[in-house]
Amino acid sequence: AGGVSRLVEMLKLGPTQTTAHRAIQVLSLVSLNDGVKDAFREADGGFGALAAMLGAEKDGLYVKHAALCGNHLCEMNIPNKLAFMEHGCIPPMMALIKHGPTSPLTDIVVHTITSLAVGNELCDPVITNSGPLPYLVDLISNEANPKLTLPAVTAVMHMAREDVDAKQILTLAGVIPKLKLLVNKDNFEDKHEAKVIEKAVSALSNLANNSPSCQAELTKEGVLDNIKGMLQVVHPNTKLAQVLIAFCANFALNSADNGTMIKDADMLPLIAFHHLNGRAMASRESKAALVALGSVVNEVQESADLISGMFSEILLHECLEGAPDGTVSIPENLRDEMAMFRNELSAEMEKMRAKFRGKSSKLGIELGTASNNMMIRVTGRKSIKAEVKEMDAAKKLREKLAEAQTLEDVTLLAGASKTAGDFAPLARKAWDTRRTRAAKDATDIEATRVAAEAEVEQQAAANVISKDKEMKEADEAREDLRRAQADAAKSKAAAIKEVSEAKAAKKDWEAATKAVQAKRDHFDKEKLKADKAIMELRESYTLERAAKSKEVKALESDLVGATEDRKLSIEVEITERNDTIQNLDRRMLPDGCPDIQALQLQAAELEAAKTGAIISALEDIQAEKKANYDMEQQQADEAAAAREAALETEQDAKMSAKRETKEARMEDLRTVKAAKELAKKKERLAAGLSAESVLGQKKKLQSECCIVM
């Protein structure tokens with residue numbers, strides 16, 4: 001320390017003294033030492049004497065030594081930087097840059113600007129006001145001294161951080177076009193050029209930060225194209241990649257237009273690539289990329305759809321939270337949802353990672369429980385409201401799983417890609433595939449739902465038709481029964497009538513026999529009986545004709561509604577009765593009845609002759625009565641047979657009506673039950689449920705979670 005103090009005392013002699021020149025030369029050699037730096041600052045008048053040396057009117061080697069000493073003293077020593085500024089050393093030091101690109105003093109000044117700016121922003125306004133910035137811009141890519149490009153760009157990078165005036169002066173001096181030319185993707189493989197590009201991009205990023213005018217100039221110069229080109233080829237997890245990402249974040253900050261430019265330039269997949277590559281390690285590059293994505297999402301709503309679709313909702317939520325502080329306004333409910341989303345997805349994310357580690361997680365148990373709950377719903381032990389609730393829970397779980405799977409897939413895709421340029425088309429293709437699959441699934445689900453509803457309606461219509469058919473058959477059976485009962489009643493009446501007629505014929509026959517025996521000797525009495533017989537015959541013909549006519553009318557009424565077989569039978573019976581009526585009509589004529597003629601003849605003969613021929617006539621009558629009796633008895637037997645047939649038909653009709661009525665009742669009950677089931681199914685379809693869909697969801701969940709179940 002004592003030596004430094006003596007050197008400072010010698011330095012105070014001023015720039016005109018050789019002793020001071022020698023002292024500054026020694027100090028320029030030892031000032032890199034931290035102890036010397038502190039001792040120089042503590043020595044009285046050291047920085048004031050240094051300012052005098054720097055501002056000397058005559059140029060000499062001692063000026064170079066003074067500049068070199070000032071640079072060394074300020075390197076990595078903030079107290080010295082402040083002392084250097086407070087004692088007025090910055091203006092004379094900055095003035096030395098005017099010596100031109102080939103001067104060693106210019107090189108020292110450029111490095112001193114960087115030394116003063118590193119870790120310290122208080123000196124920036126003084127440096128800016130000292131006027132070196134336009135000269136600094138001129139040194140970039142200056143053919144007179146190309147080696148100054150890297151230190152000049154580095155100095156510009158530091159000066160473009162926060163000071164608005166510095167940004168404005170640098171921009172007006174044309175720094176942006178020069179920096180753009182340096183950002184060339186064809187040169188980044190060279191280590192030196194890569195360093196230059198890295199510093200140039202950092203300088204552009206600092207210019208873009210919180211400076212609308214600089215952002216406008218960057219847009220005008222088309223810097224974004226160069227940045228995109230670099231992002232496509234730069235290797236991940238490098239400093240260059242990190243500064244490129246930082247530029248995108250600053251360029252989009254608080255500018256919807258710039259955010260839209262980044263989105264329209266298809267740079268979001270490139271930025272996401274660098275996030276995904278360092279995501280597992282939580283690298284600075286990965287975090288910076290997340291901030292960059294958040295800056296764009298905060299300004300451009302459409303970019304949120306792209307990020308959520310291509311990289312999952314998980315990454316979108318992280319982007320919103322990772323946006324620069326104070327630039328994003330997340331609604332409270334969304335914040336809660338995001339927090340819950342992260343908590344619930346922790347298991348899913350762990351499970352997705354476990355897929356590649358061969359391990360398991362509790363997600364399998366959760367999905368197994370969800371599957372069991374769905375099976376309970378299928379068996380009908382829960383209400384539709386509960387089914388909908390649980391189906392929604394299963395759907396959300398599946399959506400979260402799909403989001404986790406999407407993020408895991410694109411992360412693996414990023415890891416397998418050498419550069420962002422390789423990754424971007426693959427990620428977009430995967431997104432297109434997912435969207436196509438999702439659209440197809442939605443179409444299939446809708447088609448299934450429509451088909452299920454159509455099937456329900458078709459089944460309901462079929463049930464109604466079946467019920468109507470059974471009801472109609474039951475009505476027809478009952479109608480057949482009524483007709484059979486009517487026919488049975490008619491056949492009974494006809495049988496009774498024929499039996500009565502047979503009995504009457506028998507009596508006539510017996511009476512004739514008695515007449516033969518009783519009237520042999522009593523002609524008059526026999527004649528009276530003959531007359532009486534004539535009258536009885538005519539009355540009998542009249543009554544029989546009336547009866548046959550009545551039967552014909554009854555049979556004609558039966559023709560209406562009768563079956564074809566029955567019609568033929570009825571028509572035969574009508575013909576028979578009409579023939580009988582015609583026969584009776586002929587008998588009613590004066591000469592139409594042989595019986596009457598015989599009786600008249602008998603009476604005449606008895607009257608005329610009163611001979612034994614009466615007995616012969618009576619015997620003839622007896623024979624005729626016997627024939628009539630036989631005929632009537634035959635008709636009675638036929639009527640009895642018809643009666644038995646009608647009773648059998650009636651019994652069959654009763655059995656058929658009973659059977660059809662029972663079947664109709666069973667069909668009605670089945671239709672009511674089916675209607676309730678179909679109404680339940682309709683309600684389930686309206687709620688988005690069905691046994692098939694529940695089983696389908698369960699199988700899908702099980703297949704997706706087979707790695708842990």
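Report follows, based on the coordinates. Predicted, not measured: the structure shown is a model, and the values here were computed from it. (Residues numbered from 1 in each chain as written. Predicted model: local features only at pLDDT ≥ 70, side-chain atom pairs only at ≥ 80, totals over all residues. Heavy atoms only, no water.)

Turning to the packing of helix H4 (residues 46-54) against helix H5 (residues 61-74), a few remarks are in order. Angle between the axes and distance between the axes: these two values describe a pair of packed helices. The interhelical angle for the contact between H4 and H5, taken along N-to-C directions, is 140°, at an axis separation of 9 Å. Relative to H5, H4 is oriented oblique. Seen along the crossing, H4 lies across H5 with a hand that is left-handed. Facing Phe 47, Leu 50, Met 53 and Leu 54 of H4, the residues of H5 in contact are Tyr 62, Val 63, Ala 66, Ala 67, Gly 70 and Leu 73. For the contact of H4 with H5, the per-class residue count stands at nine nonpolar, one polar and no charged. (Axes fitted to C-alpha atoms, helices over the stretch in contact; angles between N-to-C directions. Helix = DSSP H or I, 4+ residues; strand = E, 2+ residues; numbered from the N terminus. Parallel < 35°, antiparallel > 145°, perpendicular 65-115°, else oblique. Left-handed = near helix turned anticlockwise from the far one by under 90°. Contact = heavy atoms within 4.5 Å. Nonpolar A, V, L, I, M, F, W, Y, C, P; charged D, E, K, R; others polar.)

Moving on, we get to helix H28 (residues 564-588). Taking 1.5 Å of rise per residue, the 25 residues of H28 would be expected to cover 36 Å, and the 36 Å separating its terminal C-alpha atoms lies within 8% of that figure. Within H28 the residues assigned to the buried category are Ile 570, Ile 574, Arg 577, Ile 581 and Leu 584. (Expected span 1.5 Å × (residues − 1). Buried < 20%, exposed > 50% of the residue type's maximum accessible area, 1.4 Å probe, protein only.)

Another aspect to go through is the environment of Gln 651. Mapping Gln 651 onto the fold places it in helix H30 (residues 613-686). The class of Gln 651 is partly exposed, set by a relative accessible area of 41%. Each C-alpha atom, one on Gln 651 and one on Leu 481, is 8.5 Å from the other, the two residues being 170 residues apart in sequence.

Together, Glu 576, Asp 579, Asp 637 and Glu 638 make up a region of like negative charge exposed at the surface. Mapped by element, the contributors of at least two residues to the negative patch are H28 and H30. Structurally, Asp 637 can be placed in helix H30. Asp 637 sits in the partly exposed class, given a relative accessible area of 46%. (Patch = residues over 30% accessible without salt bridge, like charges linked within 9 Å, V, L, I, M, F, W, Y side chains within 5 Å. Areas by Shrake-Rupley, 256 points an atom, 1.4 Å probe, with all protein chains shown as cover. Salt bridge = Lys/Arg side-chain N within 4 Å of Asp/Glu carboxyl O. Lys, Arg positive; Asp, Glu negative; His and termini not counted. Charge placed at Lys NZ, Arg CZ, Asp CG, Glu CD.)

What follows is about the nonpolar core. In terms of nonpolar packing, the biggest core is built from 125 residues, with Phe 84, Leu 179, Ile 227, Phe 247, Ile 262 and Phe 311 touching the most fellow members. The biggest single contributor to this core is helix H17 (residues 239-252), with 10 residues. Excluding residues that lie within four positions of it along the chain, Phe 311 makes contacts with Pro 269, Ala 272, Leu 276, Leu 306, Thr 406, Leu 407, Val 410, Phe 423, Ala 427 and Arg 434. Listed in part, the 12 residues of the second largest apolar core include Ile 534, Leu 584, Leu 618 and Ile 621. (Core = buried A, V, L, I, M, F, W, Y, C linked by side-chain atoms within 4.5 Å.)

A separate point is the side chain of Thr 171. As for its placement among the helices and strands, Thr 171 is situated in helix H12 (residues 164-172). We classify Thr 171 as buried; its relative accessible area is 15%. Apart from the residues within four sequence positions on either side, Thr 171 is in contact with Ile 176, Leu 207, Cys 214 and Glu 217.

A few words on the packing of H5 against helix H8 (residues 104-117). Between H5 and H8, the least distance of the axes is 9 Å, while the angle of their chain directions is 20°. Looking at the two axes, H5 sits roughly parallel to H8. Here H5 and H8 pass one another in a crossing that is left-handed. Within the contact between the two elements, H5 uses Val 63, Lys 64, Ala 67, Leu 68, Asn 71 and Cys 74 and H8 uses Pro 104, Leu 105, Ile 108, His 111, Thr 112, Ser 115 and Leu 116. Taken together, the residues of the contact of H5 with H8 break down into eight nonpolar, four polar and one charged.

It is worth spelling out helix H14 (residues 191-208) at this point. Helix length check: H14 (18 residues) gives 26 Å between terminal C-alpha atoms against 26 Å at 1.5 Å per residue, within 8%. In terms of burial, H14 is largely enclosed, as 14 of its 18 residues are buried. A distance of 3.2 Å separates the backbone nitrogen of His 192 from a side-chain oxygen at the start of H14, and that oxygen is part of Asp 190. Immediately beyond the C-terminal end of H14, within one or two residues, lies Asn 210, with a positive phi of roughly 55°. (Polar contact = N/O pair within 3.5 Å; in protein donor to acceptor, adjacent residues only side chain to side chain.)

Another aspect to go through is unusual backbone geometry. Unlike most non-glycine residues, Ala 282 shows phi in positive territory, near 55°. As for its position among the elements, Ala 282 is in the loop between helix H19 (268-277) and helix H20 (284-299). Positive phi is not limited to glycine here, since Ser 312 has a value of about 100°. In this fold, Ser 312 is placed in the loop between helix H21 (301-311) and helix H22 (313-322). Judged by its relative accessible area of 0%, Ser 312 falls in the buried class.

Attention now goes to the pattern of salt bridges. In this structure the tally under the stated criterion is 27 salt bridges. When the shortest N-O distance is used, the salt bridge between Arg 435 and Asp 432 registers 2.4 Å. Of the two residues, Arg 435 and Asp 432 are both situated in helix H26 (residues 420-518); the distance of three residues between them amounts to about one turn of the helix. Between Arg 545 and Asp 585 there is a salt bridge, and its shortest N-O distance comes to 2.2 Å. One end of the pair, Arg 545, is in helix H27 (residues 523-558); the other, Asp 585, is in helix H28, and 40 residues separate them in sequence. Overall, the relative accessible area of 32% leaves Arg 545 in the partly exposed class. Here Asp 585 falls in the partly exposed class, since its relative accessible area comes to 29%. Three or more residues joined by partner-sharing salt bridges are found here, namely Lys 497, Glu 501, Lys 548, Glu 551 and Arg 577.

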